[in-house]
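Residue strings, one per chain:
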Amino acid sequence: MSASKDSSAVITRFAPSPTGSLHLGNARTAFFSHLWARKSGGRFILRIEDTDVARSQLRFRDELMAEMRWLGLTWDEGPDIGGPSAPYSQAERGELYQSLFARLAADGEAYPCYCTAEDLELSRKLQRMAGKPPRYAGTCRHLTGAQRAAQEARGLKPTLRFAVPNDRIIEFIDVVHGPQRVASSDIGDFIIRRDDGTAAFFFCNAVDDSAMGITQVLRGDDHLTNTPRQLMMLDALGLRRPAYGHVGLLVGADGAPLSKRHGSTSVQEFRERGFLPAAILNQLLRLGHTGDVDGWLAVADMPAHFRPEHLGRAPARFDESQLVHWQKETLERMSAQQISSWLGSGDSPDFVELVRHNVVLPADASPWRAVVCGELPPLGKEEQGVIAAAGPAFFAAAADALDQSSLDLKQLTTILKERTGRKGADLFMPLRAALTGQIHGPELAPLLKLMSPAMVRHRLKSHAQNS
Ligand code: GLU
Ligand code: ZN
């Protein structure tokens, strides 16, 4: 276990609970932790916090590892590859926790609590009525050995509570929030082992960070209030404290916590829609982290631009339109080959080259495939107007002209200009509308070349009669 403990190295971690898919907010803290380790030539550890047996699933663990790999957030130690602090799943670390529970209990720094849920509820009610903040009243803290034995004889399964020291000030410097001071008298004795014998989140989370040599913990600021408790436990156990940094939550464009009604929220959803890792990472890098570069960054260059001191505590707003911006920037930097495999439909190189600047997601290419070799969707209002304004005679002339020009747009429009007297937008717009069903899109000349003459003739002729 000690081989890894180079005292100068930055060691960060991502410690997800495998109870759901990898959410954008979690991906962001994982990414920041990854960047910090990479920036400093340190190590990044993946630890699975699966002590909540009822909610943890192997399927979620595998999924979130797959999503992290897809994003490029590779880890140096983890459940799949092992490492000097193995095992990396908390479900397998019970022995360590039990030995530490025993130590705390032996030293009188933890004690069994026999209070039932009803006892605790009643006690909270009384405190509220007395105008006090509800916290554990310390009922079982000073039970004698005989009293404990009597409770055990009743068959009550105790929890184990941490005995919060009196009159202590817990101080730490949060990487994001700055100096923190909390009085221990504001904290009631809290549960570190549940009545089923498993370790509570607070406990194993802190103990493992220390045991695994984590130097910098980054996590969401919903955990900020947990930290004083965790520090008290580490101090009681004589374990080294990591530095903590609590980043602002990720919220939707409307300021509400990111949720389903904001659209996609999991990495899996963005991946399945065709968003690219570099686009997602460029976006995440700017959420709650103010950088020194405004423009697109290659993933390999990101660690050098990560500044822990530039992490923000204000909630960071995620807006999909910004992700779309980074997606376009990413697409611009991809080769035709890469775009083609991203589109994934075996399109011709000419087609790929033509549509690549008109798509954000692979699904955006299918209307253009229909334009080139399928059925056009019903025309929109604007297109109908443009076509009606040109009139049937225009399209009859166009269909005629096609016999001479074939699929050469320049020739076609030259002939048509002579015959109809139309020019500029009056000439091009009705053609584009009739041939593509839209008045915007890729360059018309190369698009026309990808169509069959029969299809073009059919599209022109369909507007050559009064309807
Ligand atoms: N398993 C905890 C969570 O997913 C970890 C919190 C932390 O990073 O310390 O919320
Ligand atoms: Zn109790």
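Overview of the structure. Nothing here was measured: the structure is a model prediction, and the numbers come from that model.

Thoughts on the state of the cysteines
This structure, assessed with the given rule, holds zero disulfides. In this structure Cys204 is a free cysteine whose sulfur lies 19 Å from that of Cys113, the closest cysteine sulfur available. On the basis of relative accessibility, which here comes to 1%, the residue Cys204 falls in the buried class.

So, the pattern of salt bridges
Applying the stated criterion across every chain yields a total of 23 salt bridges. As a salt-bridge pair, Asp76 and Arg38 come within 3.1 Å of each other at their nearest N and O atoms. With a gap of 38 residues between them, Asp76 in the loop between α2 (58-71) and α3 (94-106) and Arg38 in helix α1 (residues 24-39) connect regions that are remote in the sequence. Classification of Asp76 as partly exposed rests on a relative accessible area of 32%. On the accessibility criterion, Arg38 (27% relative accessible area) is partly exposed. Where Glu121 meets Arg124, a salt bridge forms, and the shortest distance between an N and an O atom there is 3.3 Å. Of this pair, Glu121 and Arg124 are both found in helix α4 (residues 117-129), three residues apart, which corresponds to roughly one turn of the helix.

Concerning the site of ligand 1
The environment of ligand 1 is formed by Arg13, Ala15, Ser17, Glu49, Phe201, Asn205, Arg219 and His223. Ala15 is positioned with one of its backbone polar atoms (N or O) 2.8 Å from a nitrogen atom of ligand 1. In this structure, Ser17 approaches ligand 1 through a side-chain N or O atom, which is 2.9 Å from a nitrogen atom. Considered on its own, ligand 1 offers 300 Å² of accessible surface; in the complex 82% of this is hidden by protein. Each residue belonging to the shell around ligand 1 can be placed in one class, and the counts come to two nonpolar, three polar and three charged.

Examining a nonpolar patch on the surface
Together, Leu122, Leu126 and Met129 line one region of the surface with nonpolar side chains, adding up to about 360 Å² of accessible area. With respect to the element layout, Met129 can be found in helix α4. A relative accessible area of 68% means that Met129 is categorised as exposed.

As for the coordination of the zinc ion (ligand 2)
Every protein donor of the zinc ion (ligand 2) is listed here as Cys113 (SG), Cys115 (SG), Tyr136 (OH) and Cys140 (SG), and their distances to the metal cover 2.1 to 2.3 Å. Viewed at the metal, the four donor atoms of the zinc ion (ligand 2) are separated by angles of 102 to 122 degrees, and the geometry they form is tetrahedral. Spacing between the donor residues of the zinc ion (ligand 2) along the chain follows C-x1-C-x20-Y-x3-C. An identical accessibility class is assigned to Cys113 and Cys115; each is buried.

Some remarks on the packing of aromatic side chains
If you walk through the whole model with that rule in mind, you get 11 aromatic pairs. Their ring planes at 70 degrees and their centres at 5.6 Å tell us that Phe270 and Phe275 sit as a pair that is edge-to-face. Taking relative accessible area as the criterion, Phe270 reaches 0% and is therefore assigned buried. Centroid distance Phe394 to Phe395: 5.1 Å. Interplanar angle 85 degrees. Geometry classified as edge-to-face. A relative accessible area of 2% means that Phe394 is categorised as buried.

Conventions adopted
Residues numbered from 1 in each chain as written. Chains lettered and ligands numbered in written order. Predicted model: local features only at pLDDT ≥ 70, side-chain atom pairs only at ≥ 80, totals over all residues. Heavy atoms only, no water. Disulfide = S-S within 2.5 Å. Buried < 20%, exposed > 50% of the residue type's maximum accessible area, 1.4 Å probe, protein only. Salt bridge = Lys/Arg side-chain N within 4 Å of Asp/Glu carboxyl O. Helix = DSSP H or I, 4+ residues; strand = E, 2+ residues; numbered from the N terminus. Near = heavy atom within 4 Å. Polar contact = N/O pair within 3.5 Å; in protein donor to acceptor, adjacent residues only side chain to side chain. Areas by Shrake-Rupley, 256 points an atom, 1.4 Å probe, with all protein chains shown as cover. Nonpolar A, V, L, I, M, F, W, Y, C, P; charged D, E, K, R; others polar. Patch = residues over 30% accessible without salt bridge, like charges linked within 9 Å, V, L, I, M, F, W, Y side chains within 5 Å. Donors = N, O, S within 2.8 Å, 3.2 Å for Na, K, Ca; no water. Tetrahedral: all angles 85-135°; square planar, octahedral: opposite > 155°, others 65-115°. Phe/Tyr/Trp six-rings, centres within 6.5 Å; stacked < 30°, edge-to-face > 60°.

Interpretation note: all reported values are geometric properties and have no functional meaning in isolation.
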